[in-house]
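Listed here are the chains, written in short residue letters.
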Amino acid sequence: MSESALSTVNRPESPAGDIVEVTLPASSAYLSVLRTATAGLAARLDFTLDEIEDLRIAVDEACAMLLPQAAPDAELVCRFALEDDAIEVTVRAPTTRGVQPERETFSWTVLTALAGEVDAGIDEGLTVWISLHKRRGLPTGAAS
Amino acid sequence: MSESLTMTWHDEEAATVVRIAGEIDAHTAPQLRTRLIEIVAEGRARLVLDLTGVTFFDSTALGVLVGAQRRVRALDGHLGVVTDRPLTVKVFRMTGLDKVIALHRTLQQALDWQATLPRAGG
């Protein structure tokens, strides 16, 4: 937090270990905000521009899968765990039905191709979550 | 919200060109879908969607394009897409839809392609 905008050449502290949590209304209107946050955090971990673009899409897809079943007035919580050479992003929202994300969709195909490791589950209170883990410096599945 | 999507369209001899600019996601896709349905309902079945100005593209956007293609095909028409953005091409390739929807790098290539296709209704 003490960095100035020009200090990226000689960054004193690594953000590894930091956890960033963003809570937004579970509305598609905020997807662009979340994509921007995602890009900013990935840039702090020195992801390449291509990797940042992959992450923006992956997080967008994960959220877009949750939103249709989100409970009325629900909040979408997006948790970013920053690691040395990777980022783990978990999005969760309370839902009305508690349905696992469908795997036979364009959305899931894009998400898994871009993010590497993807998991999903349902917690108490019909809260559905999707998590993705993306490492730096690895080729994406279908993009070679 | 900073995101926005703009659409303009005009008729050329070979096809109707729809220029789309901005971010296509779950929030903006419905307006794109509505507009394309209107354009096809007006009898325009040869479409070239110029996505050159699209800065974000996800699977929701793909769904809209697939739906539009289904509509023009029901009228014996054709739909082509113009994009030179790696991000957009990548999303097409990952889902295999680059084999289903014709992608062109330039508007002229897409119009030339349309001109080679048979006209609906003979």
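Everything below is about the structure printed above this text.
Focus: the overall build of chain B
A count of helices and strands for chain B gives 4 helices and 5 strands. Reading chain B from its N end, one meets helices and strands in the order β-β-α-β-α-β-α-β-α. Counting only C-alpha atoms and orienting by the principal axes, one finds that chain B spans roughly 45 × 25 × 20 Å. Put simply, chain B has 122 residues, and 52% of those count as buried.

Description of the interface of chain B and chain A
Each side of the interface is counted separately: chain B has 20 residues, and chain A has 24 residues. Two residues, B:Glu23 and A:Arg35, come together in a salt bridge whose shortest N-O distance is 3.0 Å. Of all the secondary-structure elements, those providing two or more residues to the side of chain B that touches chain A are β3 (46-57), α2 (59-74) and α3 (86-94) of chain B. With 4 residues, the top contributor of residues to the side of chain B that touches chain A is α3(B). Taken together, the residues of the side of chain B that touches chain A sort by class into 10 nonpolar, 4 polar and 6 charged.

Considerations on the sheet that holds strand β4 (residues 78-82) of chain B
Note on sheets: strands pair through backbone hydrogen bonds, and any given pair is parallel or antiparallel. All names here are of chain B. In space, the 5 strands of this open sheet follow the order β1-β2-β3-β4-β5, with mixed pairing throughout. A strand with exactly one partner marks an edge of an open sheet, and here the two such strands are β1 (5-11) and β5 (102-104). Adjacent strand axes in the sheet meet at a mean angle of 25° when their direction is disregarded. Sheet topology places β4 next to β5; 3 bridges connect them, and they run parallel. Directly across from Val-82, in β5, lies its bridge partner His-104. Packed onto the sheet, helix α1 (residues 29-41) meets β1, β2 (16-24) and β3 and runs at close to 15° relative to β1.

Side note on the packing of helix α2 (residues 49-66) of chain A against α3(B)
Remark: α2(A) packs on α3(B), axes separated minimally by 11 Å, with the N-to-C direction vectors making an angle of 55°. Taken together, the axes of α2(A) and α3(B) lie oblique to each other. Considering the relative orientation of α2(A) and α3(B), their crossing is right-handed. On the side of α2(A), the interface is formed by A:Asp50, A:Glu53, A:Asp54 and A:Ile57, while α3(B) contributes B:Leu87, B:Lys90 and B:Val91. Class assignment for the residues of the contact of α2(A) with α3(B) results in 3 nonpolar, no polar and 4 charged.

What to know about the sheet that holds strand β1 (residues 19-25) of chain A
Residues and elements named next belong to chain A. A sheet is described by the order of its strands in space; here 5 strands give the open sequence β1-β2-β3-β5-β4, paired in antiparallel fashion. Both outer strands of the open sheet, β1 and β4 (117-123), are each paired with one neighbouring strand and no more. Neighbour to neighbour, the strand axes of the sheet diverge by 15° on average, direction disregarded. Pairing of β1 with strand β2 (residues 75-82) involves 7 bridges; the strand directions are antiparallel. Note on β2: the bridge partner recorded for Ile-19 is Ala-81. Relative to strand β5 (residues 127-135), α2 is tilted by about 170°, and along the sheet it contacts β2, β3 (86-94) and β5.

Considering the pattern of salt bridges
Oppositely charged side chains may form a pair once their charged atoms are brought near each other. The full count for this structure, using the stated rule, is 14 salt bridges over all chains. Its salt-bridge partner being A:Asp60, residue A:Arg35 comes within 2.8 Å of it at the nearest N-O pair. Residue A:Arg35 is located in helix α1 (residues 31-44), and its partner A:Asp60 is located in helix α2; the two are separated by 25 residues in the primary sequence. There is no split in this pair, since A:Arg35 and A:Asp60 are both buried. A single network of salt bridges, built from pairs that share partners, joins A:Arg35, A:Glu53, A:Arg56, A:Asp60, B:Glu23, B:Asp25 and B:Arg85.

Observations regarding helix α3 (residues 106-115) of chain A
Among the 10 residues that make up α3(A), 7 are buried, leaving the element largely enclosed by the rest of the structure. For α3(A), every residue scored as buried is listed here: A:Ser107, A:Trp108, A:Val110, A:Leu111, A:Ala113, A:Leu114 and A:Ala115. In the core, the buried residues of α3(A) are packed alongside α2, β4 and β5 of chain A together with α2 and α3 of chain B. Where α3(A) terminates, the next one or two residues include A:Gly116, which has phi positive at roughly 85°.

Description of α2(B)
All names here are of chain B. Between its terminal C-alpha atoms α2 stretches 23 Å, which fits the 22 Å expected from 16 residues at 1.5 Å a residue. Along α2, the residues that are buried comprise Ser-59, Thr-60, Ala-61, Leu-62, Val-64, Leu-65, Val-66, Gly-67, Ala-68, Gln-69 and Val-72. The backbone nitrogen of Thr-60 lies 2.9 Å from a side-chain oxygen of the residue at the head of α2, namely Asp-58. Backbone geometry just after α2 places Asp-76 at a positive phi near 60°.

Parameters at a glance
- Residues numbered from 1 in each chain as written.
- Chains lettered and ligands numbered in written order.
- Predicted model: local features only at pLDDT ≥ 70, side-chain atom pairs only at ≥ 80, totals over all residues.
- Heavy atoms only, no water.
- Helix = DSSP H or I, 4+ residues; strand = E, 2+ residues; numbered from the N terminus.
- Buried < 20%, exposed > 50% of the residue type's maximum accessible area, 1.4 Å probe, protein only.
- Contact = heavy atoms within 4.5 Å.
- Salt bridge = Lys/Arg side-chain N within 4 Å of Asp/Glu carboxyl O.
- Nonpolar A, V, L, I, M, F, W, Y, C, P; charged D, E, K, R; others polar.
- Pairing = 2+ DSSP bridges.
- Axes fitted to C-alpha atoms, helices over the stretch in contact; angles between N-to-C directions.
- Parallel < 35°, antiparallel > 145°, perpendicular 65-115°, else oblique.
- Left-handed = near helix turned anticlockwise from the far one by under 90°.
- Expected span 1.5 Å × (residues − 1).
- Polar contact = N/O pair within 3.5 Å; in protein donor to acceptor, adjacent residues only side chain to side chain.

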